[in-house]
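Architecture and fold: a report
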Amino acid sequence: MGTFLLNTPIATVSNESIGGINALFTGTTAVCITGLTIFDTATTFSLFGQAVILFLIQIGSLGILTMSAMVFLMLGRRISLKERLIMQQSLNQFSLGGIVGLTRNIFIVTLAIEALGGLLLSLKLVPQFGWAKGIYYSIFHSVSAFCNAGFDLMGDFSSFSAYTGDLYINLVIIGLVLVGSLGFTVILEIRKYPLQFKKWSLHSKIVVVMTCLLISFTFLFILLVEYNNDMTLGQRPIGERLLGALFQASGSRTAGISTIDIGGLTDASKFIMLIQMFIGGSPTSTAGGIRTSTLALILLTAVSVIRGRDDINVFKRRIPNSLAARALAISIISLLGLFLFTIALSMLEAIPFIDALFQSSSALSTNGLSVVDTGGLRDISKLVLSLAMFMGRVGPLTLTLALARKHSKGQNSIRYAEEKIMVG
């Protein structure tokens, strides 16, 4: 649908079609809430085209099942047990009880946060752009930031570079990005028990702690490495350097929004940022990646092995080993996907390997940051990145299970004789 609408002449300012491949790429990057763009959104697309992109972003962030459930509820249609089971799997819930109520709360909380973000941004953007344009820009960027989509209307692919030293804009955007990357279940739990860490579930504790650690590490790394880099932070006052490093540490993981020139980063910063993108946000969030809880579980498993323990313990709770196996599978499948997409892109385009790796990681993690001119890529490269974005949004394990051959129950019940192998 997005490809068809964005390929129509009325979707562009010039009243000319952007082409099927370009429309497919833009529709994919919007509904997969990635933000990799071929054209500048503000100057290429008309109000209709921008509205289509915004609609696809909102659909992609909430999820097809959540939107479908809300339509059913508004029409008074009963949601069947089968549909509830699918919603349970989609939202990564362990219990079927209250799944419809959770879906309703997700929808309401999303609109409330986006409305609040739009109101806060309007206080700054309305005086700058006027009432109509200022309110529209505020709503668009609030939705884009909360959904970790990476689209902006600031023009000429500049993202928010004009606001590098603006503390107010930076804090509002960072706040929206972080809240969107935490996950809906964590947001609802924090809302229920604000600042009561002990009452939070184990999942919420791990997500919040890992998010804080990742942002702190990336902030310090970018600040130290880019401090004297004239192409990024080197020419700015100390306050702007701190703010720029903090913004990239928060947005580079999930959102694809920047206040500095990403192409001017050192290779070391690019590598750290692509690792952050690969990790991404948290389950049931609007962000991509293997998820913070997956990384935490892999690290906790390693610690348990080092300490010679059979159980995975954290915050006085034990995590099932089956979840550790699932986390390992997600990470391996994602790594394999990243390797394949990087190799394909490096073979198709004459770009440095680190840039091909960065671009592939950005697409697979549905981040949206770019170090190359995406519009200058070949059509086949755009299709490769579109596939990477689709895989990243659907989820590597979900996509693999959907395409894998199902085994019979009889085969799953067979257990063979155990024999050990040497590892390490």
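Residues numbered from 1 in each chain as written. Predicted model: local features only at pLDDT ≥ 70, side-chain atom pairs only at ≥ 80, totals over all residues. Heavy atoms only, no water.

Side note on the overall build of the protein
Basically, it comes down to this: Secondary structure elements are taken from DSSP: a helix is a run of H or I of four residues or more, a strand is a run of E of two residues or more, and numbering for both begins at the N terminus. The globule rule used for comparison is 2.2 Å times the number of residues to the exponent 0.38, while the radius of gyration itself is calculated over C-alpha atoms. Here the term buried applies to any residue with accessible area under 20% of the maximum for its type, exposed to any over 50%, and partly exposed to those in between, with areas from a 1.4 Å probe on protein chains only. Residues count as neighbours in contact if any of their non-hydrogen atoms are within 4.5 Å of one another. Note on areas: Shrake-Rupley, 1.4 Å probe, and residue coverage restricted to the protein chains presented here. Positive charges come from Lys and Arg, negative ones from Asp and Glu, while His and the chain ends are left out of the count. Taken as the charge location is NZ of Lys, CZ of Arg, CG of Asp or CD of Glu.
When helices and strands are counted, the protein shows 19 helices and two strands. Over its C-alpha trace the protein gives a radius of gyration of 22 Å, about what one expects of a compact globule, namely 22 Å for 424 residues. Its C-alpha atoms put the protein at 70 × 55 × 50 Å along the principal axes. In the protein, buried positions account for 52% of the 424 residues. For the protein, the proportion of contacts with a sequence separation of at least 24, taken over those separated by at least 6, is 65%. As displayed, the protein offers around 20900 Å² of accessible surface, 65% of which is attributable to carbon and sulfur atoms. Distance from the positive charge centre (31 side chains) to the negative charge centre (21 side chains) of the protein: 17 Å.

Structural notes on the environment of Leu 176
Following the sequence through the fold, Leu 176 ends up in helix 9 (residues 167-182). With 29 residues separating them along the chain, Leu 176 and Cys 147 place their C-alpha atoms 8.3 Å apart. Apart from the residues within four sequence positions on either side, Leu 176 is in contact with Ile 113, Gly 117, Ser 142, Ala 145 and Phe 146.

Quick word on the confidence of the model for the protein
Note the cut-off: The pLDDT value tells you how sure the predictor is about a given residue, anywhere from 0 up to 100.
Across the protein, pLDDT averages 88, with 92% of residues at or above 70. By mean pLDDT, helix 19 (residues 409-412) is the weakest element of the protein at 56, and helix 1 (residues 2-6) is the strongest at 95.

Overview of the packing of aromatic side chains
Rules: In this analysis, rings of Phe, Tyr and Trp, with Trp reduced to its six-membered ring, are considered paired at centre separations within 6.5 Å, and the interplanar angle assigns stacked below 30 degrees, edge-to-face beyond 60, and tilted for intermediate values. Definition used: whenever NZ (Lys) or CZ (Arg) falls within 6 Å of the ring centre and also within 35 degrees of the ring normal, the charge is taken to sit over that ring.
Applying the stated criterion to the full structure yields eight aromatic pairs. Judged by centre distance (6.1 Å) and plane angle (35 degrees), the ring pair of Phe 217 and Phe 221 falls under tilted. Residue Phe 217 and its partner Phe 221 are located together in helix 11 (residues 202-226), separated by four residues, close to a single helical turn. Judged by relative accessible area, which is 47%, Phe 217 ranks as partly exposed. A relative accessible area of 22% places Phe 221 in the partly exposed class. The ring centre of Tyr 227 lies 4.2 Å from the NZ or CZ of Arg 241, which sits over that ring.

Overview of helix 12 (residues 238-251)
The condition that has to hold: To estimate the expected span of a helix, subtract one from its residue number and multiply by 1.5 Å.
Its 14 residues place the ends of helix 12 20 Å apart at the C-alpha level, agreeing with the 20 Å of an ideal helix rising 1.5 Å per residue. Along helix 12, the residues classified as buried are Arg 241, Leu 243, Gly 244, Ala 245, Phe 247, Gln 248, Ala 249, Ser 250 and Gly 251. Residues of helix 12 that are buried sit in contact with helix 9, helix 11 and helix 13 (267-279).

Focus on the nonpolar core
Inside soluble globular proteins, nonpolar side chains tend to come together where they are buried. The test is simple: Only buried residues count toward a nonpolar core. Its members are Ala, Val, Leu, Ile, Met, Phe, Trp, Tyr and Cys residues joined through side-chain atoms within 4.5 Å.
One finds Ile 57, Ile 173 and Ile 257 to be the most contacted residues of the largest nonpolar core, which totals 55 residues. At the level of elements, helix 2 (20-31), helix 4 (47-62), helix 5 (64-74), helix 7 (99-129), helix 8 (131-146), helix 9, helix 10 (184-192) and helix 11 are the ones that each hand at least two residues to this core. With nine residues, helix 7 is the largest single contributor of residues to this core. Among the nonpolar cores identified, the runner-up in size contains 41 residues, and Ile 260, Leu 265, Met 277 and Ala 363 belong to it.

Things to note about the packing of helix 9 against helix 12
Here is the rule we go by: Helix axes use the C-alpha atoms of the stretch in contact, all axes being lines fitted to C-alpha atoms, and the angles between their N-to-C directions lie in the range 0 to 180 degrees. Here is the rule for angles: anything less than 35 degrees is roughly parallel, anything more than 145 is roughly antiparallel, 65 through 115 is roughly perpendicular, and the remaining ranges are oblique. Crossings are classed by handedness, with left-handed meaning an anticlockwise turn of the near helix from the far one by less than a right angle and right-handed meaning a clockwise turn. Here the nonpolar group is Ala, Val, Leu, Ile, Met, Phe, Trp, Tyr, Cys and Pro; Asp, Glu, Lys and Arg are the charged ones; every other residue, Gly included, is treated as polar.
Between helix 9 and helix 12, whose axes approach to 10 Å, the crossing angle comes to 20 degrees. With respect to helix 12, the axis of helix 9 lies roughly parallel. Crossing handedness for the pair helix 9 and helix 12: left-handed. For the pair helix 9 and helix 12, contact is made by Leu 167, Asn 170, Ile 173, Ile 174, Val 177 and Leu 178 and by Leu 243, Leu 246, Phe 247, Ser 250 and Gly 251, respectively. Here the contact of helix 9 with helix 12 is built from residues that sort into eight nonpolar, three polar and no charged.

Focus on the environment of Gly 98
Along the chain, the position of Gly 98 falls in the loop between helix 6 (81-90) and helix 7. Along the sequence, Gly 98 and Ser 362 sit 264 residues apart, while their C-alpha atoms lie 35 Å from each other.

Some words on helix 10
Every buried residue belonging to helix 10 is among Phe 184, Thr 185, Val 186, Ile 187, Leu 188 and Glu 189, and all of these are buried. For helix 10, the elements touching its buried residues are helix 4, helix 7, helix 8, helix 9 and helix 11.

Observations concerning the packing of helix 16 (residues 353-364) against helix 17 (residues 379-394)
Packing of helix 16 against helix 17 brings their axes to within 7 Å, and their N-to-C directions diverge by 45 degrees. The pairing of helix 16 with helix 17 is recorded here as oblique in orientation. Of the residues in helix 17, those in contact with Gln 359, Ser 360, Ala 363 and Leu 364 of helix 16 are Leu 385, Ala 388, Met 389, Met 391 and Gly 392. Residues of the contact of helix 16 with helix 17, tallied by class, amount to six nonpolar, three polar and no charged.

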